Amino acid sequence: MRAEARIDLDAVRHNIAAVRGRVGAAEVMAVVKADGYGHGMVECARAARSAGATWLGTALPGEALELRRHGVDGRLLTWLWVPGDPIAEAVAADIDISVSGRWALDEVTRAARAGAPARVHLKADTGLGRNGCPPQEWESLVEAALKAQADGLVQVVGLWSHFACADEPEHPSVPAQLDAFREAVASAEQKGVTPEVRHIANSAAALLLPDTHFDLVRSGLATYGLSPAPDVRGAAELGLRPAMTLAASVASVKRVAAGHGVSYGHTWHADRETTLALVPLGYADGVPRHASNAGPMWLAGARRTLVGRVAMDQCVVDLGDDTAEVGDEALLFGPGDRGEPTAEDWAQAVGTISYEIVTRIGSRVPRVYQGAR
Ligand SMILES: *Cc1c(COP(=O)(O)O)cnc(C)c1O
């Protein structure tokens, strides 16, 4: 193998169980958008289901439809769509649809007219400033949805929202958004909505903010064993196990003289005679180019650092006076049990979040599943 992303499905199941253990009676939605945060959507969805995630969530209707095409059944919510997306197909495939505004409600009711009533979750913008119905339009959206419900076209089964700063539990926006959410729920219920689920918590809120659980929590990053708030609590402290290990086989090992430059632009030169190992993964595979001269790696029994620029297909590691063989295994990141860096270490090395590290791993890297299916 040139390179592979090993996905530990037992870890996914363990993480869902860990989230369930923290949210009491609330149900758990495993969020599997973006190909399961790079881990493989269908396999992770099945593993999460088998561990008791009664809901699945995707951003895009196309992602939800792909789950259905693979025979994944049960409750499934999709929330980010635009006019012209396959909403009629999604309704016909028994997928719950998020509605943030009148145009969306109109599309859903049109889709429902052709078939069964659509299950909708009305989304309130409680302060995130992204998707969601703004407060001044909430009452009229609720009234329109109730009218569509009375006409037999939709069932309003969910009321929901999303946090801006749940990864900073002390942030004043957290209680402000909670208040706004409670208000939106109360006003909808007063008008006659009887939601099956009220939900606002993402991974960080599910793990750190017990007041936010309501009936359902949406577990994205935590499903894959990474901490959504590493500055507050690390993955191990949260009882999570990272599910992805990114490995590659060394493609070349060579001794070079002091002064030898490495990779495009010669941004690094050996300050002594040294041994270099070539790892056949580059930015086309999702290794950030910002990891040039910074990214960590486990190779030949120790932590190493990338030297020179990350290229499209490859990067170089300095081994000093250690040796490695062509074909030896390099670990870019994993759970950390063997001394290898974690996705969180990569995030810190390149100034991003672990979400971005794992979701960027490209389609050229095969996912290899480990643990019971
Ligand atoms: C991605 C997403 C989630 C999951 O977020 P995590 O921080 O990964 O748990 C939850 N809700 C919505 C609306 C999302 O877009």
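This text goes with the structure placed above it.
This write-up is about the structure you can find in this document. (Residues numbered from 1 in each chain as written. Predicted model: local features only at pLDDT ≥ 70, side-chain atom pairs only at ≥ 80, totals over all residues. Heavy atoms only, no water.)

## With respect to helix α6 (residues 102-113)
Next, step 1: Here α6 spans 16 Å end to end across twelve residues, near enough to the 16 Å set by a 1.5 Å rise per residue.
Next, step 2: Listed as buried for α6 are Ala104, Leu105, Glu107, Val108, Thr109, Ala111 and Ala112. (Helix = DSSP H or I, 4+ residues; strand = E, 2+ residues; numbered from the N terminus. Expected span 1.5 Å × (residues − 1). Buried < 20%, exposed > 50% of the residue type's maximum accessible area, 1.4 Å probe, protein only.)

## Re the pattern of salt bridges
Pairing of side chains with opposite charge becomes possible as their charged atoms draw close.
Next, step 1: For the coordinates displayed, the defined rule picks out 22 salt bridges.
Next, step 2: For the salt bridge of Lys191 with Glu139, the shortest nitrogen-to-oxygen distance reads 3.4 Å. One end of the pair, Lys191, is in helix α8 (residues 173-191); the other, Glu139, is in helix α7 (residues 135-150), and 52 residues separate them in sequence.
Next, step 3: Classification of Glu139 as partly exposed rests on a relative accessible area of 43%.
Next, step 4: One salt bridge connects Glu329 with Arg338, and the closest N-O pair in it is separated by 3.7 Å.
Next, step 5: The exposure class of Arg338 is partly exposed, given its relative accessible area of 48%. (Salt bridge = Lys/Arg side-chain N within 4 Å of Asp/Glu carboxyl O.)

## Brief notes about the side chain of Arg304
Next, step 1: Relative to the assigned elements, Arg304 resides in strand β16 (residues 302-307).
Next, step 2: Looking at Arg304, the relative accessible area reads 8%, which means it is buried.
Next, step 3: Within the local environment of Arg304, its side chain forms a polar contact with the backbone oxygen of Leu299, the two atoms lying 2.8 Å apart.
Next, step 4: Within the local environment of Arg304, its side chain forms a polar contact with the side chain of Asp322, the two groups lying 2.9 Å apart. (Polar contact = N/O pair within 3.5 Å; in protein donor to acceptor, adjacent residues only side chain to side chain.)

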